[in-house]
Amino acid sequence: MRWLPPRRVLSIGGSPNPEKELLDLSVGDPTAYGNLRVPDEVLDAAVGILRGRKHNGYAPSFGLPAAREAVAARYTTPAAPLTPEDVVMTVGTSGALELAIGAVANAGQSVLMARPGFPLFRTLAEGMGVRVATYDLLPDAGWEVDLDSLAAAVDDTTAAVIVNNPSNPCGSVYSAAHLAAIAAVASAARLPIIADEVYAGMAFDGVPWTPLSSVSADVPVLTVGGLSKQSVVPGWRCGWLLLHDAGGVLTSSGVRAGVRALTTRMMAPHRPTQALVPTLLSDAPAIVAARGDLLRTLADHAAFAVTALAGVPALTVLPAAGSMYVMVRVDCAALGLVDDAAFVAALRSEESVFVLPGACFDAPGYVRLVFCAPRGVLSEAFARMRAFCVRRVGRK
Ligand SMILES: *Cc1c(COP(=O)(O)O)cnc(C)c1O
């Protein structure tokens, strides 16, 4: 008998080419290369909060009032008004997702998520005994939801639909009309939506980003978001859950009370960070400038991925309209490789470029690239990917 049975882990075989510096385009952490940064003004405000010694105690379990007010003010819309009472501060967006899934689904029920989709949804749901079913996205229609497949995925056990916009891993940004069409399917099935909007506002080149709750009419929406990506501080572990209580359903069904009860297990996130939320969500000049810089950089990098990988044999980039990710379709057979995991392993061992296989996102035949790294790193990584594909296609 062992203390712990062996665990199953996804592993990518082989190691990077020791002759070449590893270029890692795999992790969705915008701080990884140090080029995207939180402004000094925010750090000064953080030091002021610590020195003030007013935030060393516990905060209310659902969050610090000033933070909840700031989040409500930032994300309220005329169609889906929010008050601080509708905001719960959480340990990152992940914590908000855990609360949302836990509050709407009982063990044995299921939630629907997109395929391709962000694997954390499954990890959290299955950890609570909640099953996951998937609906399809349409890669050649901007990764829009296949509405028929969404409707078909609903069954008696379905408790909620999870929608992630802008998308990790797809880099897609949905129109208001498409979001309304998704909401209409949920409405017909009388299902609440969990809207993962951690990339709120992170849409490029004037593409408008629409909060799902603003077009979802009678559908109750639990929106999750956080500081991690938009403020470039994932290590600060601060997020929020927004309750859009259409028709009072979240109250009458007990979800609102359930969320409150669940917050008492872990208490609210790091209190000094919560105290900083009003600054981070403000329109102070330094914050507005940092937001603009981040968006311009990401938009530039997203466009660069398309031009730099154009014409690479066996690769097709599906352009990103937002977030920090782009999906690349890989013709594995043309490269003499069995699947996307084999592509990732070979690219890493030959060229020391690391990307994630589509297999991580239920997207066989694709790889996901993170385009946060500096232009120079991306340029070198894309050149190596080109050399890799040219060499492999030639060898076949
Ligand atoms: C990064 C990410 C999260 C988790 O964010 P945290 O705030 O770091 O917990 C949740 N959903 C999506 C789609 C993400 O990409």
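Read on for an overview of the structure. Treat the numbers as computed from the prediction; the structure is a model and nothing was measured.

### Considerations on the side chain of Ser-172
Tracing the chain through its elements places Ser-172 in the loop between strand S6 (158-164) and helix H6 (176-188). Ignoring sequence-local partners within four residues, the contact set of Ser-172 consists of Gly-142, Trp-143, Asn-165, Pro-166 and Ser-167.

### Details of the sheet that holds strand S9 (residues 239-244)
Taken together, eight strands build an open sheet; the order of strands is S2-S9-S8-S7-S6-S3-S4-S5 and the sheet is mixed. In the strand order of this sheet, the two ends are held by strand S2 (87-90) and strand S5 (144-145), each with one partner. Two strands pair when backbone bridges link them, and strand S3 (residues 110-115) and S6 are joined in this way by three bridges, in the parallel orientation. Counterpart to Ser-110 in the pairing with S6 is Thr-158. Strands S2 and S9 of the sheet are contacted by helix H2 (residues 65-75), whose axis makes an angle of about 120° with S2.

### Quick word on the site of the ligand
Around the ligand, the neighbouring residues are Gly-92, Thr-93, Ser-94, Phe-118, Asn-164, Asn-168, Asp-196, Val-198, Tyr-199, Ser-228, Lys-229 and Arg-237. Asp-196 places a polar side-chain atom, nitrogen or oxygen, 2.6 Å from a nitrogen atom of the ligand. Tyr-199 is positioned with one of its side-chain polar atoms (N or O) 2.6 Å from an oxygen atom of the ligand. When the ligand sits alone it has 380 Å² of accessible area, and the protein chains cover 93% of it.

### Quick word on the sheet that holds strand S14 (residues 366-370)
The pairing of strands in a sheet happens through backbone hydrogen bonds and is either parallel or antiparallel. Read from one edge of the open sheet, four strands run S10-S11-S14-S13, paired in antiparallel fashion. Looking along the sheet, the strands with just one partner apiece sit at the ends: strand S10 (315-318) and strand S13 (356-357). In this sheet, strand S11 (residues 325-330) lies alongside S10 in antiparallel orientation, the contact comprising four bridges. Counterpart to Thr-316 in the pairing with S11 is Arg-329.

### Observations regarding helix H12 (residues 375-395)
Between its terminal C-alpha atoms H12 stretches 30 Å, which fits the 30 Å expected from 21 residues at 1.5 Å a residue. Every buried residue of H12 is accounted for by Val-377, Leu-378, Ala-381, Phe-382, Arg-384, Met-385, Phe-388, Cys-389 and Arg-392. With its buried residues spanning 160° around the axis, H12 presents them on a single face. Structural note: H12 exposes Gly-376 and Gly-394 on the side pointing more than 90 degrees away from its buried face. Where H12 is buried, its residues contact strand S1 (23-24), helix H10 (285-308), S10, helix H11 (340-351), strand S12 (353-354) and S14.

### Points about helix H3 (residues 92-104)
Every α-helical turn comprises 3.6 residues, leaving residues that sit three or four positions apart pointing alike. For H3, built from 13 residues, the straight-helix expectation of 18 Å at 1.5 Å per residue is met to within 8% by its first-to-last C-alpha distance of 19 Å. When you tally the buried positions in H3, you get 10 out of 13 residues, the bulk of the element. Along H3, the residues classified as buried are Gly-92, Thr-93, Gly-95, Ala-96, Leu-97, Leu-99, Ala-100, Ile-101, Ala-103 and Val-104.

### Details of the pairing of S2
Taking every second residue as pointing to the same face, both faces of S2 are buried, with Val-87 and Met-89 on one and Val-88 and Thr-90 on the other. As defined by bridge partners, S2 adjoins S9 across four bridges and the pair is classed as antiparallel. Bridging from a neighbouring strand, Val-88 pairs with Leu-241 of S9.

### Examining the nonpolar core
By size, the foremost hydrophobic cluster in this structure holds 53 residues, and its most contacted members are Leu-25, Leu-298, Phe-343, Leu-369 and Phe-382. Among the elements of the structure, H10, S10, S11, H11, S12, S14 and H12 are those that each provide at least two residues to this core. For Leu-369, the contacting residues outside a window of four places in its chain are Leu-25, Leu-309, Met-324, Tyr-325, Val-326, Val-328, Val-355, Phe-382 and Met-385.

### Some words on the layout of surface pockets
Quantified by volume, the largest pocket comes out at close to 530 Å³. Every residue lining the largest pocket is counted, 25 residues in all, and those nearest its centre are Gln-230, Ile-287, Ala-290, Arg-291 and Leu-294. Of all the secondary structure elements, the ones that give two or more residues to the lining of the largest pocket are H2 and H10. Per element, the largest residue contribution to the lining of the largest pocket is eight residues, and it comes from H10. Looking at the lining of the largest pocket, its residues break down into 15 nonpolar, six polar and four charged. Two domains each put at least three residues into the lining of the largest pocket: domain 1 (23-28 + 286-395) and domain 2 (54-280). Together, 23 residues line the second largest pocket, and Gly-28, Phe-118, Asn-168, Tyr-199 and Lys-229 are the ones closest to its centre. The leading source of residues in the lining of the second largest pocket is H3, at four residues. Split by domain, the residues of the lining of the second largest pocket number at least three in each of domain 1 (23-28 + 286-395) and domain 2 (54-280).

About the thresholds
- Residues numbered from 1 in each chain as written.
- Predicted model: local features only at pLDDT ≥ 70, side-chain atom pairs only at ≥ 80, totals over all residues.
- Heavy atoms only, no water.
- Helix = DSSP H or I, 4+ residues; strand = E, 2+ residues; numbered from the N terminus.
- Contact = heavy atoms within 4.5 Å.
- Pairing = 2+ DSSP bridges.
- Axes fitted to C-alpha atoms, helices over the stretch in contact; angles between N-to-C directions.
- Near = heavy atom within 4 Å.
- Polar contact = N/O pair within 3.5 Å; in protein donor to acceptor, adjacent residues only side chain to side chain.
- Areas by Shrake-Rupley, 256 points an atom, 1.4 Å probe, with all protein chains shown as cover.
- Expected span 1.5 Å × (residues − 1).
- Buried < 20%, exposed > 50% of the residue type's maximum accessible area, 1.4 Å probe, protein only.
- Arc of directions from axis to C-beta.
- Core = buried A, V, L, I, M, F, W, Y, C linked by side-chain atoms within 4.5 Å.
- 1 Å grid on protein atoms, 1.4 Å probe; cavity = no way out; pocket = protein on both sides within 12 Å on 5 of 7 lines; lining within 4 Å.
- Points joined across faces, edges and corners; volume = space filled by probe spheres on them.
- Nonpolar A, V, L, I, M, F, W, Y, C, P; charged D, E, K, R; others polar.
- Domains from an automatic or database assignment.

None of this, on its own, says anything about what the molecule does.
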